[in-house]
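Geometric and topological summary
Take a look at the letters that make up each chain.
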Amino acid sequence: MVRCSGGGPGYRLFGSLGDDHAADSVEPPECSYFGVGVGKFRAAIRADRQSIAGVSRTMYEEFYGLKARPFQVVPDPAFLYWSEAHLMTFTMLRYGILSTSPLTVITGDVGAGKTTLLRQLLEEFPDDLVAGLISNIQAGKGELLEWALMAFDQPYQDASHVQRFDRFQKFVVESYAAGKRVTLIVDEAQNLGVEQLEELRMLSNINAERDQLLQIILVGQPELRELLAKPELRQFAQRITSDFHLGSLSSDEVHKYVERRLNIAGAEWEIFPPATCDLIYHATQGVPRLINVLCDLCLVYGFSADRNVIDTDILRELMSSMERNGIFNQFTPLGGAPTLVATEQPAARAPAEPAPPRAEAPVAGRGSVGGLTGGDGS
C-alpha cells in the first residue's frame, strides 16, 4: 500500500497541494544517469545540489542585485514554476502510480519540463516502491532487459536473453513478496523501437492474480505518440491507462515564470517589464528551456550595456545580433527593426521600490489528456 510522504511546501507526489504550489521541486543537472536505482539517483541529486550551491556568482548578479543566477540552463529545483499543465502532468504521473497503472505515458516537446517532473517523481518515491530509471536508451544499443536489470542494480552480464528475463522476473516477484512494488521508468522513450516496446508490454504481464507487480512509465517527445499509434503496437496502446501531453507555457504563464525566478533570486525591482516578457514569449514560444537561455543572455547583454532593466530595445538588439551571426536559430524572429542600445544613456542603477507580492492565480493549461490515436494531444 502506498504511504504518504511528509508535509512541507509545494506539490508533493504522495501528499497534498500546499498554498505555494510553485514551490521547490527537483531536477538535477543533465547527467549520465543511463540506468540507476532510485537510491543512487537521490545521492546523485544531493551531490548536484552541493555542486550548484558552490558555484561562484556570475558577473551580472551583483549588478542586478541578485543573490543567485535566475535562469540557469542547468536545472535548479528551487526555481521550478508550476504551470497548470505541469501540475496536470504531475497529477497524471501520480495517478498512474497510485492506481497501479500498468503503463503510463507522458509526452512533451523538447525543453517543456518533462524530465523535471520525472526527477520530482523519483525524489518523492515512498519506501515501498522500488524505482529504476533508464535514460538515453536507443534502439540497437543493447538489449532492453540489460538496461532494465542495470536500472535496478541487478546483474546482467554473461547471461542469455532467457536467463536475463528469469532474473528480472524473480526480482519483481521477490520485491512483491517483500511488500514492495516495482516501477520501471524510461526517459527519452521516443528512442525505443517497436520490438523494444513490445518487449516492455510482455514485461508488464508479470502479475500475481489481481495485483500488478510491475508498472512502466514512458516519458518522451511527441514522436513517442506517433510511434505508439502504429497498428503493430495496438496491444501496447490498449494497456495505457494514464497519459498526458505537456504543452508549452502561455503568454501569461511566461510573465509569471520570469517573475517567479527573479523573485527567488532576490530581485528588488522589475528587471523584465511586461512588454519584454511578451517578446520573450514570442521568441521562445513558451518553451521553458529557451526562456532560460534567452533571459540569461539578456542579463549578460544588459550588464554589458549598463542597463539594469531589460527593455524591448535590449531584447531586439540581442536577437538581431544573434540573427546576424547565425546562432541560436531555435528562437522565433521578432521582426521589425531593432533599436540599438549602444547610443542610449545608461539607466539609473538605483532599484525601484519592490512591488508587493502577488498571488499567482491558476491559468488554463495547454496540455491535454486523451487517447494516443488522436494526434499529439496538443
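This write-up is about the structure you can find in this document. (Residues numbered from 1 in each chain as written. Predicted model: local features only at pLDDT ≥ 70, side-chain atom pairs only at ≥ 80, totals over all residues. Heavy atoms only, no water.)

**A few points about the overall build of the chain**
On a plain count of helices and strands, the chain comes out with 13 helices and eight strands. Within the chain, the fraction of its 378 residues that count as buried is 50%. For the chain, long-range pairs separated by at least 24 residues make up 74% of all intrachain contacts whose partners lie at least 6 apart in sequence. Counting only carbon and sulfur atoms, one obtains 52% of the accessible surface of the chain, whose full area is about 17300 Å². (Helix = DSSP H or I, 4+ residues; strand = E, 2+ residues; numbered from the N terminus. Buried < 20%, exposed > 50% of the residue type's maximum accessible area, 1.4 Å probe, protein only. Contact = heavy atoms within 4.5 Å. Areas by Shrake-Rupley, 256 points an atom, 1.4 Å probe, with all protein chains shown as cover.)

**Some points on helix α10 (residues 251-264)**
Note that an α-helix has 3.6 residues per turn; residues three or four places apart therefore point the same way. Taking 1.5 Å as the rise per residue, α10 with 14 residues should run 20 Å; its terminal C-alpha atoms sit 20 Å apart, in good agreement. Listing the buried residues of α10 in full gives Glu253, Val254, His255, Lys256, Tyr257, Val258, Arg260, Arg261 and Leu262. In this structure, the buried side of α10 is in contact with α3 (84-98), α11 (274-284) and α12 (288-304). Just beyond α10, the residue with positive phi is Gly266, at close to 95 degrees. (Expected span 1.5 Å × (residues − 1).)

**Quick look at unusual backbone geometry**
Despite not being glycine, Asp158 has its phi angle at roughly 50 degrees, a positive value. Examined against the element boundaries, Asp158 turns out to sit in the loop between α5 (144-151) and α6 (161-177). Looking at Asp158, the relative accessible area reads 78%, which means it is exposed. Positioned with a positive phi, Gln285 is a non-glycine residue whose angle comes to about 55 degrees. Along the chain, Gln285 turns up in the loop between α11 and α12. Exposure remark for Gln285: the relative accessible area of 40% places this residue in the partly exposed category.

**Brief notes about the pattern of salt bridges**
Throughout the structure, instances matching the rule amount to nine salt bridges. Here Asp296 ties to Arg69 by a salt bridge, and the two come within 2.9 Å at their closest N and O atoms. Of this pair, Asp296 sits in helix α12 while Arg69 sits in the loop between α2 (61-64) and α3, and the two are 227 residues apart along the sequence. Notably, a salt bridge pairs Arg164 with Glu143, separated by 3.5 Å at the nearest N-O pair. In this pair, Arg164 sits in helix α6 while Glu143 sits in the loop between β3 (129-134) and α5, placing the two residues 21 residues apart along the sequence. Taking relative accessible area as the criterion, Arg164 reaches 8% and is therefore assigned buried. Relative accessible area serves as the criterion here: at 30%, Glu143 is assigned to the partly exposed category. Taken together, the shared-partner salt bridges in this structure form one network comprising Glu143, Glu146 and Arg164. (Salt bridge = Lys/Arg side-chain N within 4 Å of Asp/Glu carboxyl O.)

**What to know about the nonpolar core**
Of all hydrophobic cores here, the largest spans 37 residues; its most connected members are Val258, Ile271, Phe272 and Leu294. Looking at this core, the elements with two or more residues in it are α2, α10, α11, α12 and α13 (312-325). No other element matches the seven residues that α12 contributes to this core. With near-sequence residues (within four places) excluded, Phe272 lies in contact with Phe71, Val258, Leu262, Cys277, Ile280, Cys295, Cys298, Leu299 and Ile310. (Core = buried A, V, L, I, M, F, W, Y, C linked by side-chain atoms within 4.5 Å.)

**Brief notes about the packing of aromatic side chains**
Applying the stated rule across the entire model yields eight aromatic pairs. Taking 5.3 Å as the distance between ring centres and 70 degrees as the angle between the ring planes, the aromatic pair formed by Trp82 and Phe90 counts as edge-to-face. The class for Trp82 is buried, based on a relative accessible area of 2%. Given a relative accessible area of 0%, Phe90 falls into the buried group. Taken together, a centroid distance of 5.0 Å and an interplanar angle of 40 degrees make the contact between Phe152 and Phe171 tilted. Of this pair, Phe152 sits in the loop between α5 and α6 while Phe171 sits in helix α6, placing them 19 residues apart in sequence. Classification of Phe171 by relative accessible area gives buried; the value is 12%. (Phe/Tyr/Trp six-rings, centres within 6.5 Å; stacked < 30°, edge-to-face > 60°.)

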